[in-house]
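Descriptive structure summary
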Amino acid sequence: MTEAILLVGGKGTRLRPLTVHTPKPMVPAAGVPFLTHQLARARAAGVEHLVLATSYLAEVFEPHFGDGSALGLRIEYVTEEEPLGTGGAIRNAASRLHSGPDEPVLVFNGDILTGLDIRALVRTHETSGADVSLHLTQVTDPRAYGLVPTDGTGRVLAFLEKPQTPEEIVTDQINAGAYVFRRSVIDTIPAGRVVSVERETFPGLLAAGAHLQGMVDSTYWLDLGTPAAFVRGSADLVLGKAPSPAVPGRCGDRLVLPTARVAPDAKLAGGTVVGEGALVAEGARVFGSTILPGAVIEPGAVVTDSLIGTRARVGERAVLTGTVIGDGAVVGAHNELREGVRVWCDARIPAGAVRFSSDR
């Protein structure tokens with residue numbers, strides 16, 4: 001396998017305001033755009049030529065990654081003028097592939113952080129003679145996912161919608177968002193219209209008698225679709241729980257990038273990242289959080305499981321837990337923001353305007 005398609009066209013609406021100015025795969029995780037981790041893992045697995053299927057803010061990708069040579073890849077870019085869905089995006093990107101009809105093509109989603117053994121998935125595809133092979137993972141509560149039951153040999157039996165009752169939970173296996181296609185199968189996806197590979201392509205292939213093979217790999221897997229998951233994923237990369245050759249430093253409790261400033265008595269832990277040009281001032285405590293470039297955490301502030309946007313500011317003795325602060329936003333001193341709060345880009349919260357505890 002030498003070719004891959006990476007789907008990076010989504011708008012990332014569940015991640016707003018992180019994605020107002022930045023496409024989801026370009027939001028920094030563990031100090032670099034999340035996409036960097038995926039590209040590095042693809043290269044480590046033997047991919048040489050990779051096509052990025054872009055749509056939302058498509059102009060951002062090529063200036064950053066260029067032709068891919070810095071990562072040891074040849075990267076090409078294909079842009080959808082109108083979103084085409086996962087299947088449509090794969091079909092649209094296929095024009096740049098060079099593989100023969102029976103050769104394998106890796107396809108993966110741009111919002112999944114995983115420890116998948118990519119080479120093992122390709123071996124499974126080749127030894128089983130499958131038309132498409134899917135990475136499956138096991139989850140404790142599968143109610144939020146489509147289920148993919150398989151037989152004793154790993155052959156896919158069905159694609160089941162999200163179960164509504166306990167009786168419908170026939171397996172804990174779900175589609176984990178990475179596939180190996182026989183090149184000729186991609187050409188059967190209708191061109192020029194919206195196609196869902198999960199809801200249309202895979203069930204259609206199964207109904208037509210195609211061989212779809214599942215490979216269960218339950219190493220680290222996380223869908224980074226929500227702000228809380230994205231923050232967790234970044235922390236796990238820093239801590240070494242999620243594998244990536246692209247983390248710019250040694251794994252540990254903290255990652256402080258060049259030109260960032262951290263006061264000697266500030267405390268950083270839990271996989272916290274402090275981006276370039278950012279400042280964590282005296283007495284501040286930051287746990288499991290991502291501080292993007294140019295952001296400021298003022299003296300005595302406490303930030304937990306949160307993401308602080310580029311050039312944003314968290315005021316003196318403010319307390320943030322499970323929050324997202326958009327680029328350029330200002331949270332004034334002595335505010336308390338709890339789980340789920342999102343402060344929009346460039347918004348300003350006056351000092352002491354939001355509290356949950358007593359004002360004493």
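My aim in this report is to walk through the structure given alongside it, one point at a time. Keep in mind it's a predicted model, so treat the numbers as computed, not measured.

1. With respect to the overall build of the protein chain
On a plain count of helices and strands, the protein chain comes out with seven helices and 28 strands. Compactness check: the protein chain gives a C-alpha radius of gyration of 22 Å against a globular reference of 21 Å for 360 residues, within 12% of the reference. Here the C-alpha coordinates of the protein chain stretch approximately 70 × 50 × 35 Å along the principal axes. For the protein chain, restricting intrachain contacts to residue pairs at least 6 apart in sequence, the fraction spanning at least 24 positions comes to 52%. Taken as a whole, the protein chain presents about 15,400 Å² of accessible surface, with 50% of it coming from carbon and sulfur. In the protein chain, which carries 33 positive and 39 negative side-chain charges, the distance between the mean positions of the two groups comes to 5 Å.

2. Side note on the packing of aromatic side chains
The tally for this structure, following the rule as stated, stands at six aromatic pairs. When the ring of Phe34 is compared with that of Phe230, the centres are 6.4 Å apart and the planes differ by 65 degrees; the resulting orientation is edge-to-face. Linking Phe34 in helix α1 (residues 34-44) with Phe230 in helix α7 (residues 227-239), this pair joins segments that are 196 residues apart in sequence. When its relative accessible area of 1% is taken as the criterion, Phe230 is described as buried.

3. Let's talk about the sheet that holds strand β13 (residues 261-262)
Pairing within the open sheet is parallel, and its six strands lie in the order β13-β16-β19-β22-β25-β28. Here the strands that pair on one side only, and so sit at the sheet edges, are β13 and β28 (348-349).

4. A word on the sheet that holds strand β8 (residues 132-138)
An order of β5-β4-β1-β6-β9-β8-β10 is seen for the seven strands of this open sheet, with the pairing classed as mixed. The open sheet is flanked by β5 (74-79) and β10 (212-216), the only strands paired with a single partner. Neighbouring strand axes in the sheet, compared pairwise and without regard to direction, differ in orientation by 25 degrees on average. Here β8 runs beside strand β9 (residues 173-182); their pairing, made up of six bridges, is antiparallel. Directly across from Leu134, in β9, lies its bridge partner Tyr179. Across the sheet, helix α6 (residues 197-207) lies against β8, β9 and β10, angled at about 65 degrees from β9, the strand it touches most.

5. A short note on the nonpolar core
The tendency in soluble globular proteins is for nonpolar side chains to be buried side by side. Ile5, Ile90, Val132, Leu134, Phe181, Phe202 and Leu212 are the most contacted members of the largest nonpolar core, which has 29 residues in total. Elements with a minimum of two residues in this core: β1 (3-7), β4 (49-54), α3 (85-93), β6 (104-109), β8, β9, α5 (183-186) and α6. If sequence neighbours within four positions are ignored, Val132 has contacts with His125, Tyr179, Val180, Phe181, Val185, Phe202, Leu205, His211, Leu212 and Gln213. The next biggest cluster of nonpolar side chains, apart from the first, holds 26 residues, and it includes Ala4, Val47, Leu50 and Leu73.

Reading guide: rules and limits
Residues numbered from 1 in each chain as written. Predicted model: local features only at pLDDT ≥ 70, side-chain atom pairs only at ≥ 80, totals over all residues. Heavy atoms only, no water. Helix = DSSP H or I, 4+ residues; strand = E, 2+ residues; numbered from the N terminus. Rg over C-alpha atoms; globule rule 2.2 N^0.38 Å. Contact = heavy atoms within 4.5 Å. Areas by Shrake-Rupley, 256 points an atom, 1.4 Å probe, with all protein chains shown as cover. Lys, Arg positive; Asp, Glu negative; His and termini not counted. Charge placed at Lys NZ, Arg CZ, Asp CG, Glu CD. Phe/Tyr/Trp six-rings, centres within 6.5 Å; stacked < 30°, edge-to-face > 60°. Buried < 20%, exposed > 50% of the residue type's maximum accessible area, 1.4 Å probe, protein only. Pairing = 2+ DSSP bridges. Axes fitted to C-alpha atoms, helices over the stretch in contact; angles between N-to-C directions. Core = buried A, V, L, I, M, F, W, Y, C linked by side-chain atoms within 4.5 Å.

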